[in-house]
Structure formats: C-alpha cells, structure tokens
Amino acid sequence: MTLRLFAYSPSVYCQIVRLILAEVRADAELVERDPFTDTVEEHPYNRVPVLEHDGNRIYETVAILRYLDSHFAVGRLTPTDPLTQARMVQVQALADTYGYWPLARQVFVQGAERPSRKQACDQEELTKGLNGAKKLLPELEKISAEGLVLNARAMTLADCHLAPMIGFFARAPEGAALLKEFTALSAWFAWVSQQESYRSTDPNRFMT
Ligand SMILES: N[C@@H](CCC(=O)N[C@@H](CS)C(=O)NCC(=O)O)C(=O)O
C-alpha cells in the first residue's frame, strides 16, 4: 500500500488531512507542493491537498476525509444518524465556503503570520476577515450548542475539518478575542485542540 499526500505543510488544509491521518492511524508520505509558488501538477486547479492511494488520486478535502475514514477506520468518524450526519456535512461545507478565506487567508495572515514576520498588517483585509467571521461563528455556535457534532465528546469529520481553521484564526489576537464570545464553540475548540491528533499536526505550534 502506498499512501502519499501532496500538500503544503504550513497550510490549514494540510493540517486537516494530517489530523485525520493521525485519527485513523494511517501514515502517508508527505510530498511538499507550494501552490503559491509552484505548479501543482497533481491538481487541476493548482491547489493542495491531493491524496494518492495505490495509484488513485483524490482531491477536494471533503472527499479525502470521507475516503480515509471509510478505508482506514470503517467510518468511525462519520455518524450514521441522518441529522447528525447532515450537521457534519453542513459544518464541512460552511468551513470551505465561508470559513477558509476570512479565517485563514484574512485574519490569520494579517493578524498572526505577517506580524510574526515583522511585516505590516493590512488593517482593511483584517477587518474584512473579522466581518466574515462574525457571520460564520454564530452559525457554528448554534451547531456546537445543539450537541450533535462539535460537541467536545466525539470526533467526527466535522471536527477534523473545522478545528485547524479555527486554530489558525485564533492565532491572531483579534480572532482569539472574537472566538471567546462564542461559549459552546470555544469550549469545543479547547477540547479538540488538546487531542493528540490536533497537537501533533498543528503547524502553528512553532510560531511565537
Ligand atoms: N476546495 C479545496 C481547497 C483547497 C485550498 O484552497 N488549498 C489551499 C492551501 S491551504 C491552496 O491550495 N491555495 C492556493 C491558492 O489559493 O492559490 C479543498 O477542499 O481541498
């Protein structure tokens, strides 16, 4: 069996896939591809991650997570109850559609990454990101408070998909302050970020 992950190790999507690999106890060879400077031949839209397993390639993180869970963990991270499963998929879609850009590309980059490199923060971009987060976090709070997924008890694919995005967001002081306003979501993040799969794959753990 060969399992290979084409990814950019500092990226949020790379952590998402590495986190689930840790959850399902599968090892993949990491092949570095920087989509911001390189051509990613393995991906039709020049993105990462791409998973390769026994010669089959899968892209789109949501599909990669489903595949790894089914193949290596007999679906342990995918609830079978219809409403719980719908909430899980809903969180994954929310994360991709409304989360990645404001949380990671705007708030994390401007509020954490650029300052850590002694580069100026673009305040307008940061504000745009925070405004995007203010539309998303209340919805995630409702889902977390409902308790089917993001419940700080059992990992699902929703936890694996969302936790790195919230972790990147909370690296920025402005992100961390906003997250605190959402009590169920904050309690969930405190729990999930202590899980070994999260801790061992967090690329930000080396950031000061
Ligand atoms: N829909 C894709 C999104 C992946 C994605 O945006 N990955 C980022 C890395 S964190 C990327 O490749 N960005 C390159 C770019 O925006 O040009 C997925 O779910 O896998």
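No experiment lies behind these values; they were computed from the predicted model shown.

## A look at the overall build of the protein
The helix and strand inventory of the protein stands at eight helices and four strands. When the helices and strands of the protein are listed from N to C terminus, the series reads β-α-β-β-β-α-α-α-α-α-α-α. Rg of the C-alpha trace for the protein: 16 Å, near the compact-globule value of 17 Å for 208 residues, within the 12% margin. Seen through its principal axes, the protein has C-alpha atoms that stretch 45 × 40 × 25 Å. In the protein, which comprises 208 residues, the share counted as buried stands at 38%.

## A look at the site of the ligand
Taken together, Tyr-8, Ser-11, Val-12, Tyr-13, Pro-35, Phe-36, Arg-47, Val-48, Pro-49, Glu-60, Thr-61 and Asp-96 form the complete shell of residues around the ligand. Class assignment of the residues belonging to the shell around the ligand gives a composition of seven nonpolar, two polar and three charged.

## Brief notes about the pairing of strand E2 (residues 29–32)
Both strand E1 (residues 3–7) and E2 contribute to a ladder of four bridges, which runs parallel. Within E2, the residue paired with Phe-6 across the bridge is Val-31.

## Some words on the packing of helix H3 (residues 82–116) against helix H5 (residues 157–171)
Remark: H3 packs on H5, axes separated minimally by 8 Å, with the N-to-C direction vectors making an angle of 15°. Classified by the angle between their axes, H3 and H5 sit roughly parallel to one another. Where H3 crosses over H5, the two elements pack in a sense that is left-handed. Contact with H3, carried on its side by Arg-87, Met-88, Val-91, Gln-92, Ala-95, Gly-99, Tyr-100, Leu-103, Ala-104, Val-107, Phe-108 and Ala-112, involves Leu-157, Ala-158, His-161, Leu-162, Met-165, Phe-168, Phe-169 and Arg-171 of H5 and no other residues of that element.

## Considering the domain arrangement of the protein
When its domains are assigned, the protein resolves into domain 1 (3–73) and domain 2 (82–206). Here the C-alpha centroids of domain 1 and domain 2 sit 20 Å apart. Listed as interface residues are 15 residues of domain 1 and, on the opposing side, 18 residues of domain 2. Residue assignment for the side of domain 1 that touches domain 2 shows that the elements contributing at least two residues are helix H1 (12–23) and helix H2 (61–73). Per-element tally for the side of domain 1 that touches domain 2: the top contributor is H1, with eight residues. Classifying every residue of the side of domain 1 that touches domain 2 gives eight nonpolar, three polar and four charged.

## Focus: H1
With 12 residues, H1 ought to run about 16 Å at 1.5 Å a step, and its terminal C-alpha atoms sit 17 Å apart, in line with that. The complete set of buried residues in H1 reads Val-12, Tyr-13, Cys-14, Gln-15, Ile-16, Val-17, Arg-18, Leu-19, Ile-20, Leu-21 and Glu-23. For H1, the secondary structure elements touched by its buried residues are E1, strand E3 (50–53), H2, H3, H5 and helix H8 (196–199). Immediately downstream of H1, the backbone of Arg-25 shows phi near 55°, a positive value.

## Considerations on the nonpolar core
In this structure, Val-17, Cys-160, Met-165 and Phe-169 are the most contacted members of the largest nonpolar core, which totals 53 residues. Top contributing element to this core by residue count: H5, with 10 residues. If you count residues domain by domain, this core takes at least three from each of domain 1 (3–73) and domain 2 (82–206). Setting aside its immediate chain neighbours within four residues, Met-165 contacts Val-12, Ala-95, Gly-99, Tyr-100, Leu-103 and Ala-104.

## Observations regarding H3
Between its first and last C-alpha, H3 extends only 43 Å over 35 residues, short of the 51 Å set by a 1.5 Å rise per residue. Taken as a whole, H3 carries its principal kink of about 65° at Gly-99; the proline Pro-102 stands between one and four residues after it. Within two residues after H3, Lys-118 carries a phi angle of roughly 60°, on the positive side.

## Notes on the sheet that holds E1
Where strands meet in a sheet, backbone hydrogen bonds hold them as pairs that are either parallel or antiparallel. Read across the open sheet, the four strands follow the order E2-E1-E3-E4; overall the sheet is mixed. In this open sheet, the two edge strands, each paired with only one partner strand, are E2 and strand E4 (56–59). Each adjacent strand pair in this sheet contributes to an overall mean axis angle of 20°, direction not counted. Taken together, the four bridges between E3 and E4 define a ladder with antiparallel strand orientation.

How each quantity is defined
- Residues numbered from 1 in each chain as written.
- Predicted model: local features only at pLDDT ≥ 70, side-chain atom pairs only at ≥ 80, totals over all residues.
- Helix = DSSP H or I, 4+ residues; strand = E, 2+ residues; numbered from the N terminus.
- Rg over C-alpha atoms; globule rule 2.2 N^0.38 Å.
- Buried ≥ 20, exposed ≤ 12 C-beta atoms within 10 Å, placed from the backbone.
- Near = placed C-beta within 6 Å.
- Nonpolar A, V, L, I, M, F, W, Y, C, P; charged D, E, K, R; others polar.
- Pairing = 2+ DSSP bridges.
- Axes fitted to C-alpha atoms, helices over the stretch in contact; angles between N-to-C directions.
- Parallel < 35°, antiparallel > 145°, perpendicular 65-115°, else oblique.
- Left-handed = near helix turned anticlockwise from the far one by under 90°.
- Contact = placed C-beta atoms within 7 Å.
- Domains from an automatic or database assignment.
- Expected span 1.5 Å × (residues − 1).
- Core = buried A, V, L, I, M, F, W, Y, C linked by C-beta atoms within 7 Å.
- Bend = angle between axes of the 7 residues up to and from the residue.

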